[in-house]
2 protein chains.
Amino acid sequence: MSKEETYINDLIDFLSIPSISTDAAYEAEVRKGAEWLASDLRNSGMENVEIMETDGHPVVYADWLHQPDKPVFLVYGHYDVQPADPVELWTSAPFHPEIRDGKLFARGATDDKGQVLIHVKAIASLMEEDGELPVNIKLCVEGEEEIASPSLVPFVKEHKDKLACDAVLISDTPMIDEETPAIVTGLRGALAFEMEVATAATDLHSGAYGGAVPNAAHHLVKVLDSFHDESGRVNVEGFYEGVPEVTDELREEMARIPFHEEALKGELGLTSLYGEEGYTPLEQIGLRPTLEFNGITSGYQGAGVKTVIPKVATAKVSCRLTGEQDPSHVFEKIREHVEATAPAGASVTLDKQIEAKAVTVDAGNEYIQKAGKAYEQFYKNRTLYPKEGGSIPIVEVFRNELGAEPVLMGFGLQSENMHAPDEHFHLSNFKRGIQTVKAYYKSFQED
Amino acid sequence: MSKEETYINDLIDFLSIPSISTDAAYEAEVRKGAEWLASDLRNSGMENVEIMETDGHPVVYADWLHQPDKPVFLVYGHYDVQPADPVELWTSAPFHPEIRDGKLFARGATDDKGQVLIHVKAIASLMEEDGELPVNIKLCVEGEEEIASPSLVPFVKEHKDKLACDAVLISDTPMIDEETPAIVTGLRGALAFEMEVATAATDLHSGAYGGAVPNAAHHLVKVLDSFHDESGRVNVEGFYEGVPEVTDELREEMARIPFHEEALKGELGLTSLYGEEGYTPLEQIGLRPTLEFNGITSGYQGAGVKTVIPKVATAKVSCRLTGEQDPSHVFEKIREHVEATAPAGASVTLDKQIEAKAVTVDAGNEYIQKAGKAYEQFYKNRTLYPKEGGSIPIVEVFRNELGAEPVLMGFGLQSENMHAPDEHFHLSNFKRGIQTVKAYYKSFQED
């Protein structure tokens, strides 16, 4: 078996563990994910491998620190994954990884186990070839990224000395396409909450009472529809406080990123795009905040007809934030909006579940420039430096607490269905990712 | 054991069968319901008991026709029941009937097995006492009322001679309260459909795409919210065609029905009522059409957060119709409204599941007057003649096809949670119902 084949088999093993952090039923599987990773790190030659407890799922730590004159890198990633449902929409089972057309299909393949293992295998390969690493490496892989890293923030604060470093290397963002690498220089913040609208003590018969009593589904719809105006703008007073102006310079920078509307529509199965008026799709995703409905539930969910008036209706809502938007402030503004909007007879409760500020990275520093050059040895096109629509809340914490430069060096593709059925990872990027990371570390050796 | 105790035990047996007509998984149980009823009818002394096949669930038929000079009654009811979910909200299991405080708790207790058995036991009691019945009785109990009687319409048309009668006696409507009987003289029509909004081929990541792509939940909300205006009126052009004006006379008639807003709010757990401006609650329920959301489903339904952009969102919607509103026409108007309202990027499909016209009954005829008097022998208060908000689609068919007078002689109460958890039936009304029906038949003997 070639070294590459062994690495892929290890990734398949790692992906077979359903380490779903949001669902308490999978708690033992999440721990199994941590244990698998710790064992693989020991095999790679990393030292001081530990499974460190938190109030939630554990953090896997390891280090190798024998180059006193070289920089210290902290590799951050996550071994937890999103839920797999709706499971029936997967071509192969989400936790039985399957290779088709050079892609490895499994939940977590691109987000983030495949990218975490790029780092572990780059280290293993360097150790096997040279018996040492060209730089100092610490590794901190958490199990709660998909639930917004509640335990990692106190963990980083508590272990500032242990985690001290010059740069934080993170592979959890997409490239532009299979031949165009990207280092993300902006990430949106996030706010997620659940809203519950309650009316009656029980579901009511729509014949006996319909017309004279409040309907929780109806009232939820009224509140949800009030969140946007006709131009696609979020219609909550104060929501846009702290959002930076989209300057001509920013527009030019965004316009450099290739964007093919027809190809995207085809790939996603859309008949048209839809967004805030006055912005291009890349500006909407990279520079503008959003408020989205992630789930709605109310009333009868079974087959056929049941003419009830639902007593309760819930929506899962999340915002992506930009610039200086403060998630707590946005949440309060939304609460005020809901209180002013909810019709008579409805009691509305909001439960905040995630909050994180947006991040902007300085693209000019050495750590990012060398990463861009490392990519270019293995990919056809030049490295780009886009602003991404997603959120990695912990990036801001690393910068604030450790004073380290974030290097968001991704190997995924947006087409790889992360958070959706048939998530996959291109094995060509797994292999080139390992080479890129090795070249990146070696570029510091030459200084 | 007293005769009454035996009757109650029989009802408990009948209610133990989960004859849920809307769910194909319960098909065998629905048939078991028909078989139980046929057997009980044979024991009661009815003749020509048959389980008659249809394209759906079977009809149970029986007759006793040995009073050539007396009227022929057709007793209609249904042995099918609503689904029991959410099962976790029941105090006792829905198909393990339990008596608490003189009430029998089970799915179908008041709607309609308890009321069907009033008729079977009235017949059994008369046969046991007199060896014969004072009038001619046919009985036709279907298994598809909760799914809008799709097979019964062709069944009635095909068996017009067999079902020929002077009056159709139906016990499937509520009384005013425990001491105030009611014969319903108006029923609203019904239209039910499912609406599906589809956008992308898969659920999408709200970070990677949020802001630039359509969200099926968002688009569904926009369409649903467009169905009503700020005054609670249905905002679909043409919806109110055929709705009768609410005259001063009608308002006076409705005002005669006792209505206690505070008591109703307390009973249903509401902080306020909610309905179309300009009408009292009883007018809203009895005289005005509605459009209600019975269920909404979209996106992530599990615990915690999943930041997806849903690709599909569905709503179960039903209308109550009044006067001459034509359900097919209303459905077409709704379809036109949806097509005009759905935002770009959404494909919307509508699936019609139920349609029935409203019914108005002439309260002056002998069959209704005698029924009113029969009640008054066993209840403290005078019989009232209200208009009800519910729908019994088959009533219109009986009148059109058989030329028979409908007599909507109910023994249920609106507080009995029909279609909701903890459905129950007051045993005092089961007992007095049997006496009332016996007295009603006997009142024709005296002519």
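Residues numbered from 1 in each chain as written. Chains lettered and ligands numbered in written order. Predicted model: local features only at pLDDT ≥ 70, side-chain atom pairs only at ≥ 80, totals over all residues. Heavy atoms only, no water.

- Named according to an unreviewed UniProt entry, chain A is Acetylornithine deacetylase/Succinyl-diaminopimelate desuccinylase originating from Salimicrobium album.

Focus: the overall build of chain A
- Counting its secondary structure elements, chain A contains 14 helices and 18 strands.
- For 447 residues, the compact-globule formula gives about 22 Å, and the C-alpha radius of gyration of chain A, at 23 Å, lands near that figure.
- Residue pairs in contact within chain A that sit at least 24 positions apart in sequence constitute 80% of those at least 6 positions apart.
- For chain A, the computed accessible surface area is about 16000 Å², with 46% contributed by carbon and sulfur atoms.
- Counting 39 positive and 76 negative side-chain charges, chain A places the centres of these two groups 1 Å from one another. (Helix = DSSP H or I, 4+ residues; strand = E, 2+ residues; numbered from the N terminus. Rg over C-alpha atoms; globule rule 2.2 N^0.38 Å. Contact = heavy atoms within 4.5 Å. Areas by Shrake-Rupley, 256 points an atom, 1.4 Å probe, with all protein chains shown as cover. Lys, Arg positive; Asp, Glu negative; His and termini not counted. Charge placed at Lys NZ, Arg CZ, Asp CG, Glu CD.)

Observations concerning helix H11 (residues 327–341) of chain B
- In this model, H11 of chain B (15 residues) spans 21 Å end to end at C-alpha, consistent with the 21 Å of a helix rising 1.5 Å per residue.
- In this structure, the buried residues of H11 of chain B make contact with strand E9 (189–198), helix H7 (216–225), strand E11 (290–299), strand E13 (312–321) and strand E14 (347–356) of chain B. (Expected span 1.5 Å × (residues − 1).)

A look at the interface of chain B and chain A
- Taken together, the contact pairs 88 residues of chain B with 87 residues of chain A.
- Taken together, both faces of the contact between chain B and chain A bury some 7500 Å²; the carbon and sulfur share is 54%.
- In this assembly, chain B and chain A are joined by two salt bridges.
- Lys222 of chain B is the salt-bridge partner of Glu230 of chain A, the closest N and O atoms lying 3.7 Å from each other.
- Linking chain B with chain A are 45 residue pairs in polar contact (both at pLDDT 80 or more), by the criterion used here.
- Here the side of chain B that touches chain A gets nine residues from one element, more than from any other, and that element is E11 of chain B.
- Grouping the amino acids of the side of chain B that touches chain A by side-chain chemistry returns 35 nonpolar, 36 polar and 17 charged. (Buried area = accessible area lost by both parts, 1.4 Å probe. Salt bridge = Lys/Arg side-chain N within 4 Å of Asp/Glu carboxyl O. Polar contact = N/O pair within 3.5 Å; in protein donor to acceptor, adjacent residues only side chain to side chain. Nonpolar A, V, L, I, M, F, W, Y, C, P; charged D, E, K, R; others polar.)

Observations regarding the sheet that holds strand E18 (residues 424–426) of chain B
Residue and element names in this part refer to chain B.
- Strand order in the open sheet formed by three strands is E4-E5-E18, and the pairing between neighbours is antiparallel. One side of each edge strand has no neighbouring strand; the edge strands of this open sheet are strand E4 (98–100) and E18. Each neighbouring strand pair of the sheet contributes to a mean axis angle of 25°, computed without reference to strand direction.
- Note: strand E5 (residues 103–105) against E18, three bridges, orientation antiparallel. Bridge pairing in E18 links Phe105 to His424.
- Strand contacts of helix H1 (residues 3–15): E4, E5 and E18, with the helix running at about 20° to E5, the strand carrying the most contacts.
- Strand contacts of helix H3 (residues 109–130): E5 and E18, with the helix running at about 40° to E18, the strand carrying the most contacts. (Pairing = 2+ DSSP bridges. Axes fitted to C-alpha atoms, helices over the stretch in contact; angles between N-to-C directions.)

Observations concerning the pattern of salt bridges
- A complete count under the given rule lists 44 salt bridges over all chains for this structure.
- Of the charged contacts in the structure, one is a salt bridge between Lys160 of chain A and Glu401 of chain A, with a shortest N-O distance of 3.3 Å. With a gap of 241 residues between them, Lys160 of chain A in helix H5 (residues 160–163) and Glu401 of chain A in helix H13 (residues 394–402) connect regions that are remote in the sequence.
- For Lys160 of chain A, a relative accessible area of 38% corresponds to the partly exposed category.
- Arg233 of chain B is the partner of Glu276 of chain B in a salt bridge, and the nearest nitrogen-oxygen pair spans 3.7 Å. Placement of Glu276 of chain B in the loop between helix H9 (261–268) and helix H10 (281–286) and of Arg233 of chain B in the loop between H7 and helix H8 (248–255) is noted, with a sequence separation of 43 residues between them.
- For Arg233 of chain B, a relative accessible area of 34% gives the class partly exposed.
- Here the residues in one salt-bridge network are Lys3, Glu129 and Lys438 of chain A, joined through shared partners. (Buried < 20%, exposed > 50% of the residue type's maximum accessible area, 1.4 Å probe, protein only.)

Quick word on a negative patch on the surface
Residues and elements named next belong to chain A.
- A grouping of Glu245, Asp248, Glu249 and Glu252 is seen on the molecular surface, where their side chains present a negatively charged patch.
- Within the secondary structure, Glu252 sits in helix H8 (residues 248–255).
- A relative accessible area of 52% places Glu252 in the exposed class. (Patch = residues over 30% accessible without salt bridge, like charges linked within 9 Å, V, L, I, M, F, W, Y side chains within 5 Å.)

Some thoughts on the relation of the copies chain B and chain A
- Note on the copies: chain B fits chain A at an RMSD of 0.0 Å, the axial shift is 0.0 Å, and the rotation between them is 180°. Here the copies are linked by what is in effect a two-fold axis. When each C-alpha of chain B is compared by its distance to the rotation axis, Thr297 of chain B comes out closest, at 2.4 Å.
- Residue by residue, 99% of the interface of chain B is reproduced at the interface of chain A, so both copies engage with the same surface. (Least-squares fit on C-alpha atoms with pLDDT ≥ 70 in both.)

What to know about the pairing of strand E7 (residues 167–170) of chain A
Residue and element names in this part refer to chain A.
- Side-chain alternation along E7 places Ala167 and Leu169 on one buried face and Val168 and Ile170 on a second face that is also buried.
- Pairing between strand E3 (residues 72–78) and E7: four bridges, direction parallel. Bridging from a neighbouring strand, Leu74 pairs with Val168 of E7.
- The pairing of E7 with strand E17 (residues 405–408) spans four bridges and is parallel. From the neighbouring strand, Val168 faces E17, where its bridge partner is Pro406.

Considerations on the pairing of strand E3 (residues 72–78) of chain B
- Burial runs high along E3 of chain B: seven of the seven residues are buried.
- Burial along E3 of chain B is two-sided: Val72, Leu74, Tyr76 and His78 of chain B facing one way and Phe73, Val75 and Gly77 of chain B facing the other are all buried.

Examining the side chain of His218 of chain A
- If you trace the backbone, His218 of chain A turns up in helix H7 (residues 216–225).
- Under the relative-accessibility criterion, His218 of chain A is labelled buried at 9%.
- Not counting the four nearest positions on each side in its chain, His218 of chain A is found in contact with His228, Tyr274 and Phe293 of chain B.

Focus on the UniProt feature "domain: Peptidase M20 dimerisation" (unreviewed entry) in chain A
- What UniProt calls "domain: Peptidase M20 dimerisation" (unreviewed entry) maps, in this numbering, to residues 185–344 of chain A.
- Taken end to end, residues 185–344 of chain A comprises 32% helix and 22% strand; its first and last C-alpha atoms sit 46 Å apart. (UniProt positions renumbered as here; feature names shortened; annotations may be inferred.)

Brief notes about the domain arrangement of chain A
Residues and elements named next belong to chain A.
- When the domains of chain A are assigned, the result is domain 1 (3–187 + 359–445) and domain 2 (189–243 + 289–356).
- Opposite the seven residues of domain 1 that make contact, domain 2 presents five residues.
- On the domain 1 side of the contact with domain 2, Ala148, Ser391 and Pro393 bury the most area, a combined 61% of that side's loss.
- Linking domain 1 to domain 2 there are zero salt bridges.
- Class assignment of the residues belonging to the side of domain 1 that touches domain 2 gives a composition of four nonpolar, three polar and no charged. (Domains from an automatic or database assignment.)

Let's talk about the side chain of Glu146 of chain A
All names here are of chain A.
- Along the chain, Glu146 turns up in the loop between strand E6 (136–142) and helix H4 (152–158).
- Among buried charged residues, Glu146 stands out as having no salt bridge; its nearest opposite-charge side chain is Arg107, 7.4 Å away.
- One polar contact links Glu146 to Gln82, side chain to side chain, over a distance of 2.9 Å.

Structural notes on the environment of Glu241 of chain B
Residues and elements named next belong to chain B.
- Locating Glu241 in the fold gives a position in the loop between H7 and H8.
- Taking relative accessible area as the criterion, Glu241 reaches 43% and is therefore assigned partly exposed.
- Residues Glu241 and Asp80 lie 161 residues apart in sequence; the distance between their C-alpha atoms is 33 Å.
- When residues no more than four places from it in sequence are discounted, the contact partners of Glu241 are Gln325, His329 and Lys333.

A word on the sheet that holds strand E15 (residues 359–360) of chain B
Residue and element names in this part refer to chain B.
- One open sheet accounts for three strands, arranged E15-E8-E16; its pairing is mixed. The open sheet has two free edges, formed respectively by E15 and strand E16 (387–388), since each of these has just one partner strand.
- Examined bridge by bridge, strand E8 (residues 186–187) and E16 share two bridges and lie parallel to one another. For Gly186, the partnering residue across the bridge sits in E16 and is Lys387.

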